[in-house]
Amino acid sequence: MDGHDMLLSPAGVEALRTALTRAGFTSNGIANRLGPQATGGVARNDFRAALRATEDRDPLGTLIRVFVCEQTEPEAAVAAALAPLALDEALAGGLVERNGDGLRMGVDLEPYGDDWWVLADVPGSARPGRPLHAEHVLGIGGATQTLIGATVRRPVEAALDLGTGSGVQALHLATHARRVIATDVSARALRFAATTAALNGQDWELLRGDLVAPVAGRRFDLVVSNPPFVVGPGTTTHVYRDSGRVGDAIGAELAAAAPGLLTEGGTMQYLANWVHVAGEDWAERVAGWFAGTGLDAWVIQREVADPMAYVNLWLTDVGETADPRRMADWLDWFDAYKVEAVGFGIVSLRRSGHDDPAVRVEELRQRVETPLGDRVDAWFDRQDWLRARDTDGLLAAHYRAADGLQLRQEATMGGDEGWVVDRQVLAMPNGLRWTEEIDPLVLALVGGADGRLALRDQLALLAAAHDVAPGELAEAAGPIVAHLIERGFIEPVAD
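Residues numbered from 1 in each chain as written. Predicted model: local features only at pLDDT ≥ 70, side-chain atom pairs only at ≥ 80, totals over all residues. Heavy atoms only, no water.

As annotated in an unreviewed UniProt entry, the protein chain is Methyltransferase from Micromonospora peucetia. Under the UniProt heading Sequence similarities (unreviewed entry), the note attached to the protein chain is "Belongs to the eukaryotic/archaeal PrmC-related family." (UniProt positions renumbered as here; feature names shortened; annotations may be inferred.)

The following block contains the structure:
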C-alpha cells in the first residue's frame, strides 16, 4: 500500500516507531514499568495502580496513560511523548483526538508480542454512548487469539489473510511466510492494516474486495481467515461482524473456495459459526460443506450458545442492546429456521492430493495444550500416515502408547466380589487431552504398545490369551487401531 493509504505518512510512521521504541512502549516495557500488580489490574480494566505508577508523565508514562489507561492528558505531555512525530500529523491521522482541555487516544495503539504494535479502532467500551463505525476495525480479541493459536506455523512461500482487519493475523504470517497477501472488503480496515504493517517494518500485498474475489486465480500455501461469521438474517450493519450472507453460508462459501486457493499440500484455516437446527445432526450438516472439495477437513467445535445468549452477545458487542426491535427480528429469524443453538469453532483444511479425503467434525470443548496449531498439523500428518498403509501395513507397524497416558477406572463395591470395574477410561494429560472409554481388550492392546512387537505379533498374543481366532481379532482391531492413532493414544514407532 502507498503512503496515502495509511493513517500517517511514511515519514510519520517512522517517527511514531522512533517515539514508541525510545519510550519503551512495548509489552515488556510496560510490564516492567508497572510491575505485576498494576499489570494484572490493567488486564481487568482496573487502572488505579497503573495511574499511580505513571504520575510523573514521562514519555512512557504518558503513552501508558493515553493508550492503555484511556485517559485524557495535557497536550504538552502527549506531544513530548509522541515526538519526533508532529502533533499536527498525529491529530490529522486520528492517532489522538482533542477532549476538553487535553488529548486522548483516537485509535487503539496496542503493544503486542515482544516488539510489535497493532492499530485498530478504539473499542466501544472506551467510548460509551458512541455508536461503532459501520467499518469499525477490531483490535486483538478472543476470536483473533483463537485463530492465532490454531494456525499451523510451517514455513511457507505465500500466505493469505482473508479479511485482515487491523492486520494481526498477517503479522504472524510474516514470521514464517516469504510473502504475505491480505485482503479486506473495507478500505478503512486496509488503512489500519497498512499502518500496522509499516509500523512493524513489514511489507504486505494489500488488496480490497469481498472474501476471495481480489485473489481469484491465485494459489497459496497457507490461507487464514477470521471472517465476519456472525449468523443471522443477512443484515449488514458492521462489516467486521456481518457478511451479508444468510445464516452460516459464509462458512460453506469459504469451504467451496478452498480448493481453488490452495497449492498442493496447502492448508486453509478459518473461524466459523454454524447453526444447530432442530431435527438435524449439526456435525453432518457442517461435514456437507466439504463434500466434493477433495480436501481433508478437521472441524472442531469449541463453544455453543443458545439463540438468546448469542443475540445478546453480538448486540452488546456493537452497542445495540437498546434496540428491542433489532433483537426481536433476529430471534424471530432463529425461530423461523428452527435454530436451537449456534456453534463456534475452527475449520482446518488441507489439500493432500488423496482420493479419499478425511473429514472429521467433532466437539473439542476441553482445554488443550497450546499451541493448537501444532496439534492440527500433527492430525493431518497422522491422516497421511494412515492413508499410506493398508491393513497389512497397520499390522506390520510397531506402536507405543503416548507419553503420560492415564487409565481412570470407575468401580462399584460388589459384596463378596469386592470392587467390580464398571468403566475404564484412557486419558491423555497432554496434547488434545482426549478421553476414551475402552474395553479390557483395547486396554491390553494399548498397555502392550511399547514399540518392541509388531501389532500383528501383539494381537497374536492377545488372541491366545483371550481364546480368540487371530484373524478375527486382527480384522476387528484395524479400525480401532486407526482410531487410536488418529486420536494420538498410540503412536507409530519410526522404522
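Structure shown, so let's carry the discussion forward.
Turning to the overall build of the protein chain, a few remarks are in order. What the protein chain contains, in helices and strands, is 18 helices and 19 strands. Each principal axis of the C-alpha distribution contributes one length, and for the protein chain these read about 90 × 50 × 45 Å. Put simply, the protein chain has 495 residues, and 49% of those count as buried. Contacts spanning at least 24 positions in sequence make up 68% of the contacts within the protein chain whose residues lie at least 6 apart. (Helix = DSSP H or I, 4+ residues; strand = E, 2+ residues; numbered from the N terminus. Buried < 20%, exposed > 50% of the residue type's maximum accessible area, 1.4 Å probe, protein only. Contact = heavy atoms within 4.5 Å.)

In this section: the environment of Leu206. Among the secondary structure elements, Leu206 is positioned in strand 8 (residues 205-208). In this structure the C-alpha to C-alpha distance between Leu206 and Ile64, which are 142 residues apart in sequence, comes to 30 Å.

This model, assessed by the stated rule, comprises 39 salt bridges. One network of salt bridges, with partners in common, ties together Glu97, Arg104, Arg127 and Arg130. (Salt bridge = Lys/Arg side-chain N within 4 Å of Asp/Glu carboxyl O.)

A few words now on the UniProt feature "domain: DUF7782" (unreviewed entry) in the protein chain. Sites flagged by UniProt as "domain: DUF7782" (unreviewed entry) map to residues 378-492. The straight-line gap between the two end C-alpha atoms of residues 378-492 is 13 Å; of that span, 47% is helix and 29% is strand.

Look at the link from Ala83 to Pro84: it is a cis peptide, with omega at 15 degrees. As for its position among the elements, Pro84 is in the loop between helix 5 (75-82) and helix 6 (87-92). Thr370 connects to Pro371 through a cis peptide bond whose omega is -5 degrees. Checked against the element boundaries, Pro371 lands in the loop between strand 13 (359-363) and helix 14 (372-387). The phi dihedral of Glu70 falls on the positive side, at around 60 degrees, and the residue is not glycine. Structurally, Glu70 can be placed in the loop between helix 4 (59-67) and strand 1 (73-74).

The complete set of buried residues in helix 16 (residues 440-447) reads Val442, Leu445 and Val446. Viewed along the axis of helix 16, the buried residues span an arc of 95 degrees, placing them on a single side of the element. Seen from the open side of helix 16, the exposed residues pointing more than 90 degrees away from its buried face are Pro440 and Gly447. In the core, the buried residues of helix 16 are packed alongside strand 14 (398-401), strand 16 (419-427), strand 17 (435-438), helix 17 (455-466), helix 18 (470-487) and strand 19 (490-492). You can read the cap of helix 16 off the contacts: a side-chain oxygen lies 3.2 Å from the backbone nitrogen of Leu441, and it is on Asp439. (Arc of directions from axis to C-beta. Polar contact = N/O pair within 3.5 Å; in protein donor to acceptor, adjacent residues only side chain to side chain.)

Read from one edge of the open sheet, 8 strands run 8-7-6-9-10-12-11-13, paired in mixed fashion. Only two strands of the sheet have a single neighbouring strand rather than two, namely strand 8 and strand 13. In this sheet, adjacent strand axes meet at a mean angle of 20 degrees when their direction is disregarded. Pairing analysis gives 9 bridges linking strand 11 (residues 296-305) to strand 12 (residues 339-350), with the strands arranged antiparallel. (Pairing = 2+ DSSP bridges. Axes fitted to C-alpha atoms, helices over the stretch in contact; angles between N-to-C directions.)

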